[in-house]
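For reference, the chains in residue letters:
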Amino acid sequence: QVQVVESGGGLVQPGGSLRLSCAGSGTIFIVYNMGWYRQAPGKQRELVARITNDGSTEYADSVEGRFTISRDNGKNTVYLQMSSLNPEDTAVYYCNAIIRPSRFVPDPVDCWGQGTQVTVSS
């Protein structure tokens, strides 16, 4: 079974920094796009940042300049470095990855993590 697991969430003060990690595990042949999404109470889930397997990135306007997404293909891991955090960043952050499990099967799998809570508060 292919899965992704997030880590690194927690409680931080406004203006602080935090780094989230998401590691793929199981049978993995190729990891295509990876991304971070978040959902705050009473709000829709939104894209935070996305990175392709060739390194192209995309950010939500609300985090541009404050967050940085990166990946380590050797570890099947994607990171989200968050700086200058404010209370509006409080949400459950979810990792997403498009994964091809086997060289013999071309169909990719859309994998979602269970989420990690990020709370920005004094």
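Residues numbered from 1 in each chain as written. Predicted model: local features only at pLDDT ≥ 70, side-chain atom pairs only at ≥ 80, totals over all residues. Heavy atoms only, no water.

## Here's the deal with the sheet that holds strand E1 (residues 3-7)
For step 1, the next point in the chain: Ordered in space as E1-E3-E8-E7, the four strands form an open sheet in which the pairing is antiparallel. The open sheet has two edge strands with one neighbour each: E1 and strand E7 (67-72). Direction aside, the axes of adjacent strands within the sheet are offset by 15° on average.
For step 2, the next point in the chain: In the sheet, E7 pairs with strand E8 (residues 77-82) via six bridges, with the strands oriented antiparallel. Bridge pairing in E8 links Ile69 to Leu80. (Pairing = 2+ DSSP bridges. Helix = DSSP H or I, 4+ residues; strand = E, 2+ residues; numbered from the N terminus. Axes fitted to C-alpha atoms, helices over the stretch in contact; angles between N-to-C directions.)

## A short note on the packing of aromatic side chains
For step 1, the next point in the chain: Tallied over the full model, the rule gives one aromatic pair.
For step 2, the next point in the chain: A ring pair is formed by Tyr37 and Trp112, whose centres lie 5.0 Å apart and whose planes are at 55°; its orientation type is tilted. Here Trp112 lies in strand E10 (residues 109-112) and Tyr37 lies in strand E4 (residues 30-39), a separation of 75 residues in the sequence.
For step 3, the next point in the chain: When the ring centre of Tyr37 is taken as origin, the NZ or CZ atom of Arg45, which lies over that ring, is 5.6 Å away.
For step 4, the next point in the chain: For the cation-ring pair, Arg45 lies above Trp112, with the distance from its terminal atom to the ring centre recorded as 4.0 Å. (Phe/Tyr/Trp six-rings, centres within 6.5 Å; stacked < 30°, edge-to-face > 60°. Lys NZ or Arg CZ within 6 Å of the ring centre and 35° of its normal.)

## Notes on the environment of Trp36
For step 1, the next point in the chain: Here Trp36 is to be found in strand E4.
For step 2, the next point in the chain: Residue classification places Trp36 among the buried residues on the basis of a relative accessible area of 0%.
For step 3, the next point in the chain: Residues Trp36 and Tyr93, 57 residues apart in the sequence, show an inter-C-alpha distance of 6.7 Å. (Buried < 20%, exposed > 50% of the residue type's maximum accessible area, 1.4 Å probe, protein only.)

## With respect to the nonpolar core
For step 1, the next point in the chain: Core analysis: the biggest nonpolar cluster contains 30 residues, and Trp36, Leu80, Met82 and Tyr93 have the highest contact counts within it.
For step 2, the next point in the chain: Listed by contribution, the elements that provide at least two residues to this core are strand E3 (18-25), E4, strand E5 (46-51), E7, E8, strand E9 (91-100) and strand E11 (116-120). (Core = buried A, V, L, I, M, F, W, Y, C linked by side-chain atoms within 4.5 Å.)

## Structural notes on the pairing of E11
For step 1, the next point in the chain: Burial along E11 is one-sided: Thr116, Val118 and Val120 are buried, while Gln117 and Thr119, pointing the other way, are not.
For step 2, the next point in the chain: Two strands pair when backbone bridges link them, and strand E2 (residues 10-12) and E11 are joined in this way by three bridges, in the parallel orientation. Bridge assignment links Val12 to a residue of E11, and that residue is Val120.
For step 3, the next point in the chain: Direction of pairing for E9 relative to E11: antiparallel, over a ladder of three bridges. Bridging from a neighbouring strand, Tyr93 pairs with Thr116 of E11.

## Focus: the environment of Val31
For step 1, the next point in the chain: With respect to the helices and strands, the residue Val31 is situated in strand E4.
For step 2, the next point in the chain: Discounting chain neighbours no more than four positions away, the residues touching Val31 are Asn53, Arg71, Asn76, Ala97, Ile98 and Ile99. (Contact = heavy atoms within 4.5 Å.)

## A few points about the state of the cysteines
For step 1, the next point in the chain: Tallied over the full model, the rule gives one disulfide.
For step 2, the next point in the chain: Here Cys111 is not disulfide-linked; the sulfur of Cys95 is the nearest cysteine sulfur, at 9.0 Å. (Disulfide = S-S within 2.5 Å.)

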